[in-house]
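Survey of secondary and tertiary structure
As a plain string of letters, each chain reads:
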Amino acid sequence: MREGVALCLKDLLIEWRSRDRVVSTLLFALLVVLVFHFALPGGATARTQENAPGLLWVAYILAALFGLGRAFSLELDNDAIAGLALAPVERGWIFLGKAAANLVILALAQAVTALAFALVFELDVFAVAGRLAGLVLLGSLGLCAIGTFFSAVAVRTRFREVMLPLLMLPLLVPVLSGAVRATTSLFETGSVPFDAVQLLIVTDAIYLIGSFLLFDFVVDE
Amino acid sequence: MIRASGILLALFFAATTWLVATAPTDSMQGAIQKILYVHVPCAFAAYAGFIVTGVSGALYLWRRDERFDWWALAGAEVGVVFCTLNIASGPIWARGTWGHWWAWDPRLTVTLILWFIYLAYLMLRSFTEGSERTARFAAVYGILALAAIPLNYYAIDLFGGAAMHPENLERDSLGAGMRLPFAASVLTGLIALWHLVTVRQDIARRHAEVPEITG
Amino acid sequence: MVCQSLSKRFGRAVALDALELVVEPGEGVALLGPNGAGKSTLLRLIAGLARPSAGHLAVDGTPAHQREARARVGYIGHATLLYGELTARENLVFAGKLHGVPDPGARADELLAEEELAPVAGDRVQSLSRGMSQRLAIARGLIHDPPLVLLDEPFSGLDRAAARRLTDRLQRLRAGGRTVVLVTHELSRAAELSTASLVLSRGRVVHTGRSEDAAGMEHAYLAAVEGRA
């Protein structure tokens with residue numbers, strides 16, 4: 001497990017040096033919010049506020065697709081991924097280390113996006129900030145698990161930018177579904193329905209464990 | 001080459017056609033209800049096809065035997081056809097009975113997602129280079145996607161649209177005299193899947209062997 | 001290290017064809033042969049980067065693709081396996097952590113000194129010259145002090161001074177009891193660094209000989225290259 005932590009920290013260190021993924025993912029997410037503003041003319045009406053949680057998660061998914069694509073491309077330079085494969089560790093830890101780093105990078109973009117949403121749709125995020133953060137984390141675990149895993153697969157196919165969304169999106173339906181339901185309920189009533197949280201936990205567990213166990217086959221040749 | 005599965009399919013198909021033709025017409029829905037005998041078996045076949053794909057992929061990863069990959073590919077290519085037929089026949093039936101082309105009811109939606117999963121699987125196979133890597137990546141995706149299908153069902157069932165599907169099996173809404181043709185058609189669908197997958201798998205096998213003969 | 005009936009196929013292409021090979025601890029073995037003979041593939045299989053399609057491959061009795069075997073092997077391939085944005089020292093420390101080295105920082109400093117890279121330890125790898133990157137790649141491969149060292153054409157692109165330095169380095173490794181398996185096109189290097197030389201062609205070992213028998217090796221090598229083997 002130490003190696004997974006080392007990998008996560010290494011990724012974050014590289015990211016800190018160049019900051020390109022955080023910045024570009026964040027910019028992209030903000031652009032998406034801007035697009036939503038123009039796609040729903042009339043600003044913050046009652047109707048758009050109803051849909052805001054859904055749109056927030058659409059923004060998060062798009063940001064993840066955008067940002068995760070690069071997760072493994074930095075490992076292709078100098079065949080660094082072979083360096084990871086040589087390590088005498090269970091390869092699932094490589095996956096977890098990468099996924100954790102991706103989660104941190106995504107979280108930064110997500111936090112700012114939530115603020116942007118609060119502004120555009122006049123939502124009171126501060127009242128539910130803690131629980132919203134928890135919910136976003138829960139949803140993002142599934143998002144990053146599947147995203148990191150398929151990013152490693154897609155990076156070795158011919159049209160990686162196209163493959164990643166194709167592979168990810170059908171499998172993200174449970175995450176999206178649970179997360180949107182929970183977020184909507186959170187903004188409307190301040191409480192989160194248990195069945196949504198349960199769905200997210202089960203989905204995250206299945207995706208994380210499945211990816212951990214199968215990652216060896218992705219790295220192998 | 002005449003296969004046992006082919007003969008069985010021919011027999012079942014003939015029997016089912018006769019049963020469906022002579023089955024009573026639904027009093028409320030009219031003749032269009034008979035599309036049920038195509039729509040539902042296709043659904044069964046579509047899901048069975050993906051189970052073949054997912055399980056064969058897992059076996060491939062375990063045994064590293066190329067033959068399992070042929071079964072996985074066959075399952076996907078045949079399954080996607082049944083899935084498409086299912087999704088295409090759904091709206092035809094829906095329009096005839098409920099009045100509109102589409103409804104986001106759980107079963108239809110999950111099958112639609114299955115369709116996307118099938119397509120993603122086939123695209124992954126076609127965009128990956130190297131047959132060993134293709135088999136590996138496809139197997140891995142097949143396993144995760146197979147695990148995701150019940151999750152999808154659970155998720156959509158919890159939060160999805162109105163349940164408009166007739167609960168044929170549970171609530172006994174099949175009228176008298178319809179149960180036999182229904183059962184026969186489902187069996188025919190599964191036999192059709194089995195037969196076509198076997199044929200497709202055989203084609204894959206021959207395709208793999210040809211270069212060795214000529215090369 | 002033992003290969004028994006080792007085969008590797010990539011789709012229809014056969015890279016290794018029922019290869020048999022035994023390397024004793026402390027030996028130095030050179031692998032020669034034309035491009036496409038399967039030398040790099042063999043090294044990658046021993047390193048645990050790929051799995052055999054058929055046959056067995058074990059390092060000290062453990063199958064090569066298992067973790068315990070990977071801990072005993074150091075692999076230095078064509079690519080440097082380094083991260084451009086990290087410094088030389090950071091790359092080594094990270095590799096050390098990946099391989100479970102107890103004090104990665106100290107070990108990194110030790111290797112940097114040995115490879116005469118201490119002055120550039122704090123420089124990012126993307127700013128290093130090619131020769132320096134290659135030396136760093138070797139340090140990276142040896143970070144966990146493995147008993148079996150695999151090198152895939154380490155001399156390509158090196159000038160004479162650098163090649164000399166590398167030869168000395170590898171001779172020191174052998175003197176220290178390490179087993180070295182080296183893929184090279186240069187017969188003279190093979191003679192200096194190994195006791196046994198094997199010529200591979202089309203995935204099989206077609207000739208085994210003593211490295212000092214330069215004439216014999218050259219003959220076999222040319223035969224393989226010209227396709228006569």
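Definitions and cut-offs
Residues numbered from 1 in each chain as written. Chains lettered and ligands numbered in written order. Predicted model: local features only at pLDDT ≥ 70, side-chain atom pairs only at ≥ 80, totals over all residues. Heavy atoms only, no water. Helix = DSSP H or I, 4+ residues; strand = E, 2+ residues; numbered from the N terminus. Rg over C-alpha atoms; globule rule 2.2 N^0.38 Å. Buried < 20%, exposed > 50% of the residue type's maximum accessible area, 1.4 Å probe, protein only. Contact = heavy atoms within 4.5 Å. Areas by Shrake-Rupley, 256 points an atom, 1.4 Å probe, with all protein chains shown as cover. Lys, Arg positive; Asp, Glu negative; His and termini not counted. Charge placed at Lys NZ, Arg CZ, Asp CG, Glu CD. Expected span 1.5 Å × (residues − 1). Axes fitted to C-alpha atoms, helices over the stretch in contact; angles between N-to-C directions. Parallel < 35°, antiparallel > 145°, perpendicular 65-115°, else oblique. Left-handed = near helix turned anticlockwise from the far one by under 90°. Nonpolar A, V, L, I, M, F, W, Y, C, P; charged D, E, K, R; others polar. Buried area = accessible area lost by both parts, 1.4 Å probe. Salt bridge = Lys/Arg side-chain N within 4 Å of Asp/Glu carboxyl O. Polar contact = N/O pair within 3.5 Å; in protein donor to acceptor, adjacent residues only side chain to side chain. Core = buried A, V, L, I, M, F, W, Y, C linked by side-chain atoms within 4.5 Å. pLDDT = per-residue confidence, 0-100. Pairing = 2+ DSSP bridges.

**Some thoughts on the overall build of chain A**
Within chain A, the regular secondary structure consists of eight helices and zero strands. Walking chain A from its N terminus toward its C terminus, one meets helices and strands in the order α-α-α-α-α-α-α-α. Computed over C-alpha atoms, the radius of gyration of chain A comes to 18 Å, within 12% of the 17 Å expected from 2.2 N^0.38 for 221 residues, which places it in the range of a compact globule. By principal-axis analysis of the C-alpha atoms, chain A measures approximately 55 × 35 × 30 Å. Considering chain A as a whole, with its 221 residues, one finds that 57% of them fall into the buried category. Expressed as a percentage of contacts within chain A between residues at least 6 apart in sequence, the contacts between residues at least 24 apart total 83%. Within the structure as shown, chain A displays about 8,600 Å² of accessible surface, and the carbon and sulfur contribution to it stands at 70%. Averaging the locations of the 14 positively and 18 negatively charged side chains of chain A gives two centres separated by 4 Å.

**Side note on the overall build of chain B**
Helix and strand counts for chain B stand at six helices and zero strands. Counting from the amino terminus, helix and strand elements in chain B follow one another as α-α-α-α-α-α. Taken across its 215 residues, chain B has 50% of its residues classed as buried. Sequence-distant contacts in chain B: of pairs separated by 6 or more residues, those separated by 24 or more amount to 81%. For chain B, the accessible area works out to roughly 10,300 Å², and carbon and sulfur atoms hold 69% of it.

**Remarks on unusual backbone geometry**
A positive phi angle, close to 55°, is found at D79 of chain A, a residue other than glycine. Its location among the elements puts D79 of chain A in the loop between α3 (46-68) and α4 (80-86). In this structure, D145 of chain C takes a positive phi of about 50° despite not being glycine. Residue placement: D145 of chain C occurs in the loop between α5 (130-141) and β7 (148-152). D145 of chain C sits in the partly exposed class, given a relative accessible area of 41%.

**A word on helix α2 (residues 36-63) of chain B**
The terminal C-alpha atoms of α2 of chain B lie 40 Å apart, and with 28 residues this matches the ideal 40 Å at 1.5 Å per residue to within 8%. Just beyond α2 of chain B, the residue with positive phi is R64 of chain B, at close to 55°.

**With respect to the packing of helix α7 (residues 160-189) of chain A against helix α4 (residues 106-127) of chain B**
Between α7 of chain A and α4 of chain B, the shortest axis-to-axis distance is 9 Å and the interhelical angle comes to 155°. Considering the angle they form, α7 of chain A stands roughly antiparallel to α4 of chain B. Crossing angle aside, the handedness with which α7 of chain A passes α4 of chain B is left-handed. Facing α7 of chain A, whose interface residues are M163, L166, L167, P170, L171 and V173 of chain A, α4 of chain B presents I113, F116, I117, A120, M123, L124 and F127 of chain B. A class-by-class count of the residues in the contact of α7 of chain A with α4 of chain B yields 13 nonpolar, no polar and no charged.

**Some words on the interface of chain A and chain B**
Contacts between chain A and chain B engage 32 residues on the former and 30 residues on the latter. Summed over both partners, the interface of chain A with chain B comes to about 2,800 Å²; 74% of that surface belongs to carbon and sulfur atoms. Joining chain A to chain B, the criterion identifies two salt bridges. The closest approach of N and O atoms between E129 of chain B and R158 of chain A, which form a salt bridge, is 3.0 Å. Where chain A meets chain B, there are seven residue pairs in polar contact (both at pLDDT 80 or more). Looking at the side of chain A that touches chain B, the elements that each hand over two or more residues are α6 (129-154), α7 and α8 (194-219) of chain A. For the side of chain A that touches chain B, the leading source of residues is α8 of chain A, giving 13 residues. Across the side of chain A that touches chain B, the residue classes break down as 19 nonpolar, seven polar and six charged.

**Overview of the environment of L173 of chain C**
All names here are of chain C. Looking at where L173 falls in the secondary structure, it is placed in helix α6 (residues 160-175). L173 gets classed as buried once you look at its relative accessible area, which sits at 10%. Distance from L173 to V23, taken between C-alpha atoms, is 16 Å for residues 150 residues apart in sequence.

**Quick word on the nonpolar core**
Membership of the largest hydrophobic core comes to 152 residues, with the highest contact counts inside it found for F149, F150 and L171 of chain A, Y141 of chain B together with L42 of chain C. One finds A88, A108, A121 and A139 of chain C within the second-largest nonpolar core, a separate group that totals 17 residues.

**Some thoughts on the pattern of salt bridges**
Scanning the entire structure with this criterion turns up 29 salt bridges over all chains. Measuring nitrogen to oxygen at the nearest pair gives 3.0 Å for the salt bridge that ties R91 of chain A to D216 of chain A. With a gap of 125 residues between them, R91 of chain A in helix α5 (residues 91-121) and D216 of chain A in helix α8 connect regions that are remote in the sequence. One salt bridge in this structure joins R165 of chain C and E116 of chain C, with 3.8 Å as the shortest N-O distance. Of this pair, R165 of chain C sits in helix α6 while E116 of chain C sits in the loop between α4 (104-114) and α5, placing them 49 residues apart in sequence. By relative accessible area, E116 of chain C is classed as partly exposed at 49%.

**Observations regarding the confidence of the model for chain B**
With 85% of its residues at a pLDDT of 70 or more, chain B shows a mean pLDDT of 82. Here helix α1 (residues 4-22) of chain B stands out as the element of chain B with the lowest mean pLDDT, 80, in contrast to α4 of chain B, whose mean of 91 is the highest.

**Looking at the packing of α8 of chain A against helix α5 (residues 131-159) of chain B**
Look at α8 of chain A against α5 of chain B: their axes get within 10 Å of each other, and the N-to-C directions meet at 175°. Viewed along their axes, α8 of chain A and α5 of chain B adopt a mutual orientation that is roughly antiparallel. Looking at the contact of α8 of chain A with α5 of chain B, its residues break down into 19 nonpolar, four polar and two charged.

**Brief notes about the sheet that holds strand β8 (residues 179-183) of chain C**
All names here are of chain C. One open sheet holds the six strands; their spatial order is β6-β7-β8-β3-β9-β10, and the pairing between them is mixed. What marks the edges here is a single partner per strand, and that holds for β6 (73-76) and β10 (204-210). On average, each strand axis in the sheet is inclined to that of its neighbour by 15°, with strand direction left out of account. The sheet contact formed by β7 and β8 spans five bridges and is parallel. Counted as the bridge partner of L150 is V181 from β8.

**Some details on the side chain of S133 of chain C**
Residue and element names in this part refer to chain C. Of note, S133 is situated in helix α5. Looking at S133, the relative accessible area reads 12%, which means it is buried. The residues touching S133, leaving out its near neighbours within four places in the chain, are T80, L82, V125 and L128.

**Topic: the sheet that holds strand β1 (residues 2-10) of chain C**
Residue and element names in this part refer to chain C. One open sheet accounts for four strands, arranged β2-β1-β4-β5; its pairing is antiparallel. Sheet topology places β2 (13-22) and β5 (62-63) at the edges, where each strand pairs with a single neighbour. In this structure, β1 lies alongside strand β4 (residues 54-59), joined through four bridges in antiparallel fashion. Among the inter-strand pairings, C3 is bridged to a residue of β4, identified as L57.

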